[in-house]
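Architecture and fold: a report
Listed below, chain by chain, are the residues.
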Amino acid sequence: MRTGQDIRTDAGSSWFFDAGRIALDFAHTGGFADDPDRRRPRGHLGELLATPADLDEWLGLHTEPIDVGATARELQDARALRAAIARLATAAAPAPADSAAERTAVAAGLRAGTGRTRPVPDDIDTVNLFAALPDVPPSLPGGRRRAGANRVRLAQALSSVARDAVALLTEVGFDDVEADGRAARLSRCSAPDCGLVFYDSSRGGTRRWCSMQRCGNRAKVRAHRARRAAV
């Protein structure tokens, strides 16, 4: 399964963002729009799954080509899964650290992240329901034959997304537990006007930005201007 996609905000800006896990990428296709507690990322995302054909294309690019095109009802179901994953990821992601020293300590597992909330049981049930279905079977490339069908059913692709969410959220948990010496892997972009959620697969767990080309570069420009203004 391939991660990363071009996403856009509802203001029209667009950039490449790799959330590090297919479940998080799926959530960032627009799943943070349902946000009664105002905890979603502040970089408001535009809708990438506007039609059933959009869903077919996205799943085909990130899992395997879909056998039969999605219906309007299946798009609605997929959005329900997406919203559940988005809310669970937001609940599990610690708030960005305030200082460089705190970021380093949290990333190294020397200090626990804070700001997590308890998950909603209905969201857990939704993810588990999709994950219980047969998923896209793994295959080893290089052979002369392909076991099974060349294209997969939509439900299989969504099950693969849901199973990745189960694995991710089982790994990171939801509690502000004591630091255990392991690198913190689920993070939010440190930019105050962003906050996108990503899985940090860097060796030291020190990724700060959704994208260096976007928020990372903006932070560098602001820091440079501040240094010049202080001279």
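Just so we're clear, the structure is a prediction, and the values are computed from it rather than from any experiment.

1. Some remarks on the nonpolar core
Judged by nonpolar contacts, the single largest core of 55 residues is most densely connected at F26, L55, L59 and I85. Looking at this core element by element, the count peaks at 10 residues for helix α3 (residues 72-92). In this view, L55 contacts F26, L49, A70, E74, L75, A78 and L154; residues no more than four positions away in its chain are not counted.

2. Side note on helix α5 (residues 121-131)
Listed in full, the buried residues belonging to α5 are D123, V127, F130 and A131. Looking straight down α5, one finds that the buried residues subtend no more than 105 degrees of arc, so they occupy a single side. In α5, the exposed residues that point more than 90 degrees away from the buried face are P121, D122 and L129. In the core, the buried residues of α5 are packed alongside α3 and α6 (154-172).

3. Here's the deal with the pattern of salt bridges
Think of it this way: side chains of opposite charge can pair up when their charged atoms draw near. On inspection of all chains with the given rule, the structure shows 6 salt bridges. For E171, the salt bridge is made with R21, and the minimal N-O distance between the two is 3.8 Å. Placement of the pair is E171 in helix α6 and R21 in the loop between β2 (14-17) and α1 (22-27), with a sequence separation of 150 residues. The partly exposed category is assigned to E171, whose relative accessible area is 38%. Accessibility expressed as a relative area gives 14% for R21, which makes it buried. Across the salt bridge formed by D135 and R163, the nearest N and O atoms sit 3.5 Å from each other. Of this pair, D135 sits in the loop between α5 and α6 while R163 is found in helix α6, placing the two residues 28 residues apart along the sequence. A relative accessible area of 25% places D135 in the partly exposed class.

4. A few points about the environment of A80
Position of A80 relative to the elements: it lies in helix α3. In this structure, the C-alpha to C-alpha distance between A80 and T126, residues 46 residues apart in sequence, is 7.8 Å.

5. Observations concerning the pairing of β2
Burial of the side chains of β2 is restricted to one face: W15 and F17 are buried, whereas none of S14 and F16 on the reverse face is. Pairing of strand β1 (residues 5-8) with β2 involves 4 bridges; the strand directions are antiparallel. Bridge pairing in β2 places I7 opposite W15.

Conventions used here
- Residues numbered from 1 in each chain as written.
- Predicted model: local features only at pLDDT ≥ 70, side-chain atom pairs only at ≥ 80, totals over all residues.
- Heavy atoms only, no water.
- Core = buried A, V, L, I, M, F, W, Y, C linked by side-chain atoms within 4.5 Å.
- Buried < 20%, exposed > 50% of the residue type's maximum accessible area, 1.4 Å probe, protein only.
- Helix = DSSP H or I, 4+ residues; strand = E, 2+ residues; numbered from the N terminus.
- Contact = heavy atoms within 4.5 Å.
- Arc of directions from axis to C-beta.
- Salt bridge = Lys/Arg side-chain N within 4 Å of Asp/Glu carboxyl O.
- Pairing = 2+ DSSP bridges.

Don't take any of this as a statement about function, it's just geometry.
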